[in-house]
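Architecture at a glance
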Amino acid sequence: MNAELRTIPATDGYRMPAEWEPHGGCYLAWPENTYFWRQGAKPVQHTVVAIADAIAATGEQVTVTVSSSQYLHARLLLPDAVRVVEISTFNAWARDIAPSFLVDDHGGLRGVDWRFDGYGNRSPYWHLDNGYAARILDLERLDRYAGPIVFEGGMIDVDGLGTGIVAAECLLDPVRYRNPNRDTIIDAVRDYLGVRKLIWLPFGLVDDDTAGHMDNMARFVSPGTVALAWTGNERDPQFERSAAAWELLTAETDADGKPLTVHKIPIPGPLHMTAEESLGTDIGARIDRTGQRLAGSYLNFYISNGAVLIPALDPATDDEAAAILSGLLPGREPIQLPSRELLLGGGNIHCATRQIPATTRRQS
């Protein structure tokens, strides 16, 4: 294993880059558990294959991690261009359990290994996932910073220039943190991700199993420009959340004092779990989740080299959302991928991926 650093990333000149900056690769974790995934996880595995194939086609080196028992199955399904590596996980959300990769101005690349507690023990068997980031950094031969707090990658979105967006309901969640402290979190994000200004939205998306991950609610699409999940239906409980975020963001500035421009992205649905989808999982055998609202959002897109992968969730809004996002990310091919199977497990395309920034050197 490479060095565990005792210094502070920001002091060392490292920062978390924006997602639109060039990628050198991408990680996904193979969905295997039948607690969340229906029909033995087979349908969602085919969704992950489609995502891996689409990202690999843009020139990124895609790596899918998988348990030894599923290795051959994954290797047979995945394209030859995708690397398959044996690392076991329970969750398939690489965004949350993989390292936060950092860069400096000299081509350096390092990673932050945050503590992971299964979203405040909302997910079982999370101890396996808590070791995932360290294994990835070892595999990539990258030096490691030990993050000082519980933190998941989906909690924050950054512009790469010192500004980040989070949701207070998520980062001040008493289930995750025994005594949540805003200043402690601000200090950790500043020191370990290079975020000089943290914008706190009050809420994330309604009925989000993560209690407010930002990659379902608001995303930077370029410096100073934010895409926001939106509904105009005042009877929808999401309306109040989106309206509060709109009011705050349109009055905000970035870390350099420049005003933000905000664009509304319609939410799909609302979408709800069917009886068949609920009964097909282990948790469904104990708890009937038929009719449960799914946290569907087009904001859970992934910006790859030359493309943007957008969830396809509702024919009534898919094309409108994709057109808006395509306009906000010019020069990137919009690729719509059916992703309801991922959504049934509580996440989507962005949750399933973790990019590695392109770099000119691997170590200090």
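Before reading on, note that the structure itself is shown above.
Cut-offs and rules
Residues numbered from 1 in each chain as written. Predicted model: local features only at pLDDT ≥ 70, side-chain atom pairs only at ≥ 80, totals over all residues. Heavy atoms only, no water. Core = buried A, V, L, I, M, F, W, Y, C linked by side-chain atoms within 4.5 Å. Buried < 20%, exposed > 50% of the residue type's maximum accessible area, 1.4 Å probe, protein only. Contact = heavy atoms within 4.5 Å. Helix = DSSP H or I, 4+ residues; strand = E, 2+ residues; numbered from the N terminus. Pairing = 2+ DSSP bridges. Axes fitted to C-alpha atoms, helices over the stretch in contact; angles between N-to-C directions. Arc of directions from axis to C-beta. Polar contact = N/O pair within 3.5 Å; in protein donor to acceptor, adjacent residues only side chain to side chain. 1 Å grid on protein atoms, 1.4 Å probe; cavity = no way out; pocket = protein on both sides within 12 Å on 5 of 7 lines; lining within 4 Å. Points joined across faces, edges and corners; volume = space filled by probe spheres on them. Nonpolar A, V, L, I, M, F, W, Y, C, P; charged D, E, K, R; others polar.

Time to look at the nonpolar core. Membership of the largest hydrophobic core comes to 61 residues, with the highest contact counts inside it found for Phe151, Ile156, Leu193, Leu201, Leu249 and Phe301. Not counting the four nearest positions on each side in its chain, Ile156 is found in contact with Phe151, Gly164, Ile165, Val166, Val189, Leu193, Val195, Leu198 and Met214. One finds Val49, Ile51, Ile87 and Ala307 within the second-largest nonpolar core, a separate group that totals 52 residues.

Among the secondary structure elements, Thr210 is positioned in the loop between β10 (197–201) and β11 (218–222). If we skip the residues at most four places from it in the chain, Thr210 touches Tyr119, Cys170 and Arg176.

As a further point, take the sheet that holds strand β1 (residues 4–5). Across the sheet, four strands lie side by side as β1-β7-β6-β5; this open sheet has mixed pairing. Every other strand in the sheet has two partners, leaving β1 and β5 (100–103) as the edge strands with one partner each. Of the strand pairs in this sheet, β5 and strand β6 (residues 109–115) are connected by four bridges, and their pairing is antiparallel. When the sheet's bridge partners are listed, Leu102 is paired in β6 with Arg110. Against the sheet, helix α6 (residues 132–140) touches β5, β6 and β7 (144–150), its axis set at about 165° to β6.

Bringing helix α12 (residues 318–328) into the picture now. Inspection of α12 places Asp318, Ala321, Ala322, Leu325 and Leu328 among the buried residues, and these make up the whole buried set. What you see down the axis of α12 is that its buried residues fit within an arc of 125°, all on one side. What points out from α12, more than 90 degrees from its buried face, is the exposed set Asp319, Ala323 and Gly327. Elements that come into contact with the buried residues of α12 comprise β11, β12 (225–230), β13 (261–266), β17 (307–312) and β18 (333–338).

For Asp236, the location among the structural elements is in the loop between β12 and α9 (237–250). Classification of Asp236 as buried rests on a relative accessible area of 6%. Within the structure, Asp236 has its side chain in polar contact with the backbone nitrogen of Gln238 (distance 2.8 Å). Among residues more than four places away in sequence, those in contact with Asp236 are Thr231, Ile267, Pro270 and Arg293.

What follows is about the layout of surface pockets. Of the pockets and cavities examined, the largest pocket occupies roughly 340 Å³. The class makeup of the residues in the lining of the largest pocket is seven nonpolar, seven polar and four charged.

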